[in-house]
Each structure stands twice: as structure tokens, then as C-alpha cells.
2 protein chains.
Amino acid sequence: MGKIMVIGCGGTGNAAIYQCCRHSEFFSEVVIADRDLSRCEALKKKLEGTTDAKIIPVQVDVDDTAVLTELIREEQPEAVLNLTPPCEDLLIMEACLAAGVHYIDTSAYEPEETAVFEYKWQWEYRDRFEKAGLTALLGCGADPGLTEVFCAYALKHYFDEINHIDIFECNTGENRHPFAAGVNPQTGLRRLSLGGAYWKDGSMIETEPLAISQKYRIPEIGERDMYLIRHEEPESLALHVPGIKRIRFFKSFSERDIAYLKCLEELGLTSIEPVRYEDQEIVPLEFLSTFLPDPSSLAAETRGKVSVGCLLEGKKDGKEKKLYLYSICDHEECYNRSGSQAAAYMSGLPAMIGTMLVMNGTWKKAGVFNVEEFDPDPFMELMNKWGLNWKVSENPRL
Amino acid sequence: MGKIMVIGCGGTGNAAIYQCCRHSEFFSEVVIADRDLSRCEALKKKLEGTTDAKIIPVQVDVDDTAVLTELIREEQPEAVLNLTPPCEDLLIMEACLAAGVHYIDTSAYEPEETAVFEYKWQWEYRDRFEKAGLTALLGCGADPGLTEVFCAYALKHYFDEINHIDIFECNTGENRHPFAAGVNPQTGLRRLSLGGAYWKDGSMIETEPLAISQKYRIPEIGERDMYLIRHEEPESLALHVPGIKRIRFFKSFSERDIAYLKCLEELGLTSIEPVRYEDQEIVPLEFLSTFLPDPSSLAAETRGKVSVGCLLEGKKDGKEKKLYLYSICDHEECYNRSGSQAAAYMSGLPAMIGTMLVMNGTWKKAGVFNVEEFDPDPFMELMNKWGLNWKVSENPRL
């Protein structure tokens, strides 16, 4: 019988809260907090009658740490699941420390004034979470999240050492609008403009945006152009995988996506540097974002699939070994099942599982941790049990 | 010995004023008027020492017709050459009427609140210009302008009747920026979003934006995708060409152009409907335009060509006849010669020639006229004489 507070009622928030409410035997009370109270109330209305969980909508502006801390103290959840944009991570960690509750999120901190995102700022909270006896679980969505659990699982059951990790996120979702089949288009665009990066032999190597790409055969989808982009996983996996030499993250983009991204980039519309327009300062990307609909608003018409997987090369008993571990979901099927499209579903369910494992003690440990630092088996078991099957391909030919 | 006032010191303005100054035996005084005085002064500085014309920079906001009329009365030019954005046409015609001077422009009127552009509003001034004994010459740039002179010339020398007119504007210019090798990208984008249109058997037929395209072999350039777009010429040519059945205008767009245009259109960034952003109303296209550099600022690095031509099918002495009349310029060569890239050059020189022909009496007639209503021979002669050679292809195979 646990009380959870979920902050952020967007696409992933809706998906995670739906999952918490499916398990009301564990999540008996679910506080839904958002800047926009109407989103929380709409979700409560949608879920009521389908769950025994008590749903408590509240309004909060997370920018005010004092107010947020007060809210958490009032509501007294055991944990806070942070599903807000990544620039809020540290504020919410501070509030959790002050209020004495565990913390879980799904993407690395990103200061507002740049688009650089790294775990390092959150890792600096290790001592404080340790001393407080609290757990902070970082990056527990689809990717990061599932991807690192896959790596930990493969390391535990299939490898002695892993030398190369290539992570693939392939979203073939389409609807009436460009850039509207993922989770948060604004964050995606911010991060793309930073350029690509991958980890090799101890260093992070930077690339021009979208400069490196290759065709891969994604299982159950087919051949796709996959582009190397900067992502969370290399920074933490580099510390936790024996024998690791290279970690890369690839994301699918269609030809149309690439042309559109280049258009916006070349025109300067994805810039986060303010420009002067008619006596006010406007950040181009923020203005552009008002033209990018929330993907969850188009969930009902989104068609295609999302696949998240890890291609692993390493050694077992002295012999070379290669493995592909992945999960794949269909947008329409996820929507019919849960009201969320596949990208949100595949972030929301792992977020709920991670939160449950923290709260039930399985993944509870004082300090700040990434997902791969815990035993992957309980997580993988719950994934299969609750609707996000994972698959192993022992002779992968991507 | 004539005095001209040019309003609008942008790309075409610079090109036209350069041409006026080359002919200081005719244009002895050139008033350059613009909202931004520094543009006028910069051009004066550039041209001084290269011309005997007296150059007079003045600042004016054309929105205030009374102020503009007063300025024209003070300066007393014989004619005003209007090279401002098309939404200013009527205001400037009013001011010319009030001050008693002739009027020339290079594109049809376009109300600010829509992107519809038509000569009809300007044609309504016919009586008033007639009674005042003044000439208004409409659309005397490259296209409209050259294109209609070509049609008039072909009708005079090659055809008894013309049944089909296809006009081709092909700009292969490239520089570091998209949409920056033409003349006025904002006007171009506004008009594109209106959708296409062509004239057939007495009616203007509308099409979806960029829906109709075909490959054509443009002489001295090669095969290009040409897209049917709405343009000025069909509206006036429909009234002045015996036997005319169909008039179409095609413009070249590269694959990249098309992808970028679709991106901006699909995202809603080319809309002229205001949106609410942080407590103010912003017109997306106007905000977008701040990211589109003035093509003349990139003139020095623009490479490629501009070709403007008319494919004509009709009859002569009872027999079928086909002809292609065109002009072609190279961006780099125009820049080296005149300081303007080819698109501005090919608008500016015709604008100067039309103005000269009005002022010297050759094309002076009380009322409001389109270019094809006058004798094309003097114009065509001056084009060849002054650096915009035209060519005839008698067996065109586009």
C-alpha cells in the first residue's frame, strides 16, 4: 500500500500514471501534480472507475522549490516520479531531499541556458541522498531506462565482458504532423542542435549534428537510416560495464525528418539564443515549439511502431559473442490498450516499474544510481508480466 | 534631364538606382527614399564618383500618405518608381496622384491582411490617372515586366494570335542560406501559401500549393523541376492577347526548396494569421522572415543563373507556331558588373527602362497600364543596348 507523487502530466506522465493505477494493490494513492491542473483533472476523470487507486490532482509550479517541498511534505508520498522536462531535475531532487522522499526520473539534467545534458550534476547529490537514507534512481524510462536494464541483463546472463554497445531507437510512427510521434519534440530539437556524441576508449567524441548515419535492419521493422545522436546512456554505461570500449546511440529519422530538421536548423529556428523581435526577446526554439503539437494529442491517429534495443558485442568464456536485446510496441495497439501511443507507453511502464522497485525495497539503496547499477532480473520479469515483452536475438544481423 | 524618385532601397531598389545612375544624361537627379535612411546613404556612398547624377537620400514612412505626398511635392520628380513591398502600391499611387507625378511599380497590389495579389485594385485608378493626365505603369520588373514585353513583342513580330503562354522563372542561385537567391523571400512565402493558379478559357483556376509540376529543359540551364504558381501575368495578359486560351507561370524549386517549403508550411510558420505568444500577437510569417536574410546581403557569394522566358504557342498566317523568348543572367557576373545579383539585376534594369520610357514620352499615356499595352520595340531595343540581352528560340524543345 504505497503513495506515489507523479510530477508532470504530459505524454509520459499519462502513461506512467495509467500504469500505477493498474497496480492499485501497490499504488493505493497517486498524486498527480502539474503546472496545469486541468491536465491532472482530465486524467483523473479518464481513470476513475478503472482503478481502486485514490487519485489526487494538485497544481504546482516546480520552479518554486519551497512550494514544491511543502507540497511533498503535505502529501507525504514515499517517492516522487519526476516526468517534467529535464531542466527541472535538480530542483525536484532538492525538494525530495528536503521532504525526505525517494526520487525517480527518466532523463538527465539539462540546464535551461544550454542544451547540454549530463548525469554529472545529479551524481553530485550522491552524498546528500546517502546521508538522508534516500534513493535517487536516474533515467528510468525507455531510453535511458530499458536500454540500460538490457545491458545489465546481458552482462549478468550472457557476457563476461561487453566491448561494444550500440543502442537503437526506431520510431516509425506517423500522423498528420511532423515530429509528433515521439514524446517531447522540443527537448528532442534542443538536443539535436548540440551535435552528436559517442563514447570510445575513455572519451566522449563529438560529431556534427546528424553527420554519422548508417542503414540497419531493425528486427520486425526493416531497414532504416539510423543516425548517431548524443544520448544519456554512454555517460553512465561507461562506468558500469567491464571491458567496454565503445558506446553509441542511434535514432531513426526518415528522409523527410532530416530535410525538415535541416530546414529548421539552417534557418536558425532551433536556436536557444534569444533574438530581438518587436521590442521583446524571443527564444526561437520556444516560439517554434508552440507549433509542435503534443504528440499525445495525436495518439489516436498515430500508426507505426517503436523499437528500443541494444546490440552488444563482447566475450563469454573467452569466445566472441554478439546479442541483440530489444522491445517493440505498436502505436495503435498501445493506444487501444492504454490511451497512450507507443513512445509514451514504453517510457511510462518502465518508469512505473522502477518506482515500484524502489518503493518495495528491491531497488532501494541510499544514494544516487543509474538503472544498470541494480539487479536487472526483477525489472525484466515485471516487464514480461505487465505488457512490455523483451526479446533476445542470439545471432543478430542488423 | 530628368528627376526620378525611387522609393524602396532594397535589392531591386539598389539595382534600379544603379541603372538610373548609369544614365545620368537622362536621370540627372535621383532621389532615394526609404524607411531606413542608412540604406539610402550607403548606396549614395557606393555610387558617388561613378555617376554625374545628383543623388538625394531621404527618409520616409510610406504608411503616412500625407507625409509622402508632401515629400513628392517638395522634391518634384517627374516620376516615382515604387520598389517597396506590394502592400504599399495603392498608398503610393494616391500620393502620386495628389502630387501630380507619374507612377511605376514592379508587382501587383497585395492587401496586408491576405496574401491575395491582383492588379484589379490598381486598375480602379484608371479614371483618376486619366483625368490627372498622369501615367501609371504596373508590373515593370522581370516578372511581371520582361515577360509581358516578350509576349507583346512576339505578338507584334511573330504571331497573329497566341493561344498558350507558359512563363518560366528559373533561378539556380545558391549561397550559404536557403531562400536567399531571389528578391524578396517574405513576399514569395506569403504568396506560395495562397496556392497555385492559372488562367484557362476565361477563368482563373486554383490549385493546391505546388501541386502541379513538370520537368522542363530550360535553355542554357538544363532540366529542372518547374512548379506552377500563382503570379501577376495571367490576370493582365488575359485581356491583351488575341486568341489566348491558357496562361501559366512556372517557377523552379529544387528538391531541398520543396522539402523546406513543406516543412515551414506544415508547421504553420508561413501563416499570416496572428498567434498568441507570451501575451502578444505574433504573425508567424513575419517572425520567420527575420530569419530569412536579405538576398542582396549574400549577393557576392551567390552562384548560378536566373532565366526568365515565355513559351508561346499560337498561329501565324494560319499555321501553328511555337516560340521561346527569354533572357538569362549569371549571378556572379551581374554582381561583378553592378553590385547586384541576377534576380535583382533583372528586376532593376527593366524597372529603369520602363521609367525612362514613361518619362521620355514613349510610354507616356494618361491612365493605368500594364507593360504589354505599349509598343514593345523601344523596350526590347534598350534591353539589348544596356546589358539584358534577350534571345529567341524558334524551335523550342523545353
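Structure's up top.
It should be emphasised that the depicted structure is a prediction, and the values quoted were computed from it without experimental measurement. Throughout, residues of each chain are indexed from 1 in the direction in which the sequence is written. Chains and ligands are labelled by the order in which they are written, letters from A for the one and numbers from 1 for the other. Totals for whole chains, interfaces and linings use every residue, but because this is a predicted model, local features are given only for residues with pLDDT of at least 70 and side-chain atom pairs only at 80 or more, for both listing and counting. Based on all heavy atoms of the structure, the side-chain values leave hydrogens and waters out of the count.

Let us look at the sheet that holds strand S4 (residues 79-82) of chain B. Across a sheet, paired strands are connected by hydrogen bonds in the backbone, their directions being either parallel or antiparallel. All names here are of chain B. For two strands to be treated as a pair, DSSP must find no fewer than two bridges joining them. Secondary structure counts use DSSP, requiring at least four H or I residues in a row for a helix and at least two E residues in a row for a strand, with both numbered from the N terminus. Strand order in the open sheet formed by seven strands is S3-S2-S1-S4-S5-S6-S17, with parallel pairing between adjacent strands. Each edge of the sheet is formed by a strand with only one pairing partner; in this case those strands are strand S3 (54-59) and strand S17 (367-370). Across the sheet, the axes of successive neighbouring strands diverge by a mean angle of 20°, strand direction being ignored. Alignment of strand S1 (residues 2-7) against S4, held across four bridges, turns out to be parallel. The residue bridging Val-6 from the neighbouring strand is Leu-81, located in S4. With axes taken as lines fitted to C-alpha atoms, and helix axes fitted only over the stretch in contact, angles between N-to-C directions fall between 0 and 180 degrees.

The atoms used to superpose the copies are C-alpha atoms, taken from residues with pLDDT of at least 70 in both, and the fit is least squares. With an axial shift of 0.0 Å and an RMSD of 0.0 Å, the rotation relating chain B to chain A amounts to 180°. Here the transformation between the copies is reduced to the relation of a two-fold axis. We call two residues contacting when some pair of their heavy atoms lies within 4.5 Å. Interface overlap between copies is the fraction of interface residues in one copy that are interface residues in the other; for chain B against chain A it reaches 100%, indicating a shared surface.

All names here are of chain B. Where helix H13 (residues 342-359) contacts helix H14 (residues 376-385), the axes come no closer than 10 Å and their chain directions differ by 135°. By the angle class used here, H13 and H14 are oblique. Once H13 is placed against H14, the crossing between them reads as right-handed. Judged by residue contacts, Pro-350, Ile-353, Gly-354, Met-356 and Leu-357 of H13 engage Pro-378, Phe-379, Leu-382 and Met-383 from H14. Any angle that falls under 35 degrees is termed roughly parallel, while one over 145 is termed roughly antiparallel, one within 65 to 115 roughly perpendicular, and all others oblique. Crossing chirality is assigned from the near helix's rotation relative to the far helix, an anticlockwise turn below a right angle marking it left-handed and a clockwise turn marking it right-handed.

Before going further, it helps to spend a moment on the sheet that holds strand S6 (residues 135-138) of chain A. All names here are of chain A. An order of S3-S2-S1-S4-S5-S6-S17 is seen for the seven strands of this open sheet, with the pairing classed as parallel. Because the sheet does not close on itself, it has two edges, and the strands there are strand S3 (54-59) and strand S17 (367-370). The sheet shows a mean angle of 20° between the axes of neighbouring strands, taken without regard to direction. As paired strands, S6 and S17 are joined by four bridges and run parallel to one another. When the sheet's bridge partners are listed, Ala-136 is paired in S17 with Val-368.

What follows is about the interface of chain B and chain A. Tallying the contact residues gives 26 residues for chain B and 26 residues for chain A. Defined here as a combined quantity, buried area equals the accessible surface (1.4 Å probe) lost by two parts on assembly, summed across both. Interface area for chain B against chain A, summed over the two sides, is near 2300 Å², with a carbon-plus-sulfur share of 70%. Three residues stand out in chain B for area buried against chain A, namely Leu-267, Tyr-277 and Phe-287 of chain B, and they jointly supply 30% of the buried area on that side. For this analysis, a salt bridge means a side-chain nitrogen from Lys or Arg found within 4 Å of a carboxyl oxygen belonging to Asp or Glu. Taken together, the links from chain B to chain A amount to two salt bridges. In this structure, Arg-256 of chain A engages Glu-266 of chain B in a salt bridge whose closest nitrogen and oxygen atoms are separated by 3.5 Å. Tallying contributions element by element places helix H10 (residues 255-267) of chain B first for the side of chain B that touches chain A, with eight residues. In terms of residue class, the side of chain B that touches chain A is built from 17 nonpolar, four polar and five charged. Residues are grouped as follows: nonpolar covers Ala, Val, Leu, Ile, Met, Phe, Trp, Tyr, Cys and Pro; charged covers Asp, Glu, Lys and Arg; every other residue, Gly included, is treated as polar.

A few words on the pattern of salt bridges. All names here are of chain A. Counted by the stated rule, this structure contains 56 salt bridges over all chains. In this structure, Glu-29 and Lys-3 form a salt bridge, with 3.8 Å as the shortest nitrogen-oxygen distance. Here Lys-3 lies in strand S1 (residues 2-7) and Glu-29 lies in strand S2 (residues 27-34), a separation of 26 residues in the sequence. Across the salt bridge formed by Arg-230 and Glu-206, the nearest N and O atoms sit 3.3 Å from each other. With a gap of 24 residues between them, Arg-230 in the loop between strand S11 (222-228) and helix H9 (233-240) and Glu-206 in strand S9 (residues 203-207) connect regions that are remote in the sequence. For each residue, the accessible area found with a 1.4 Å probe, counting protein chains only, is set against the maximum for its type, and the residue is called buried under 20%, exposed over 50%, and partly exposed in between. Taking relative accessible area as the criterion, Arg-230 reaches 17% and is therefore assigned buried. Because the salt bridges share partners, they merge into one network encompassing Glu-110, Arg-190, Arg-191 and Glu-232.

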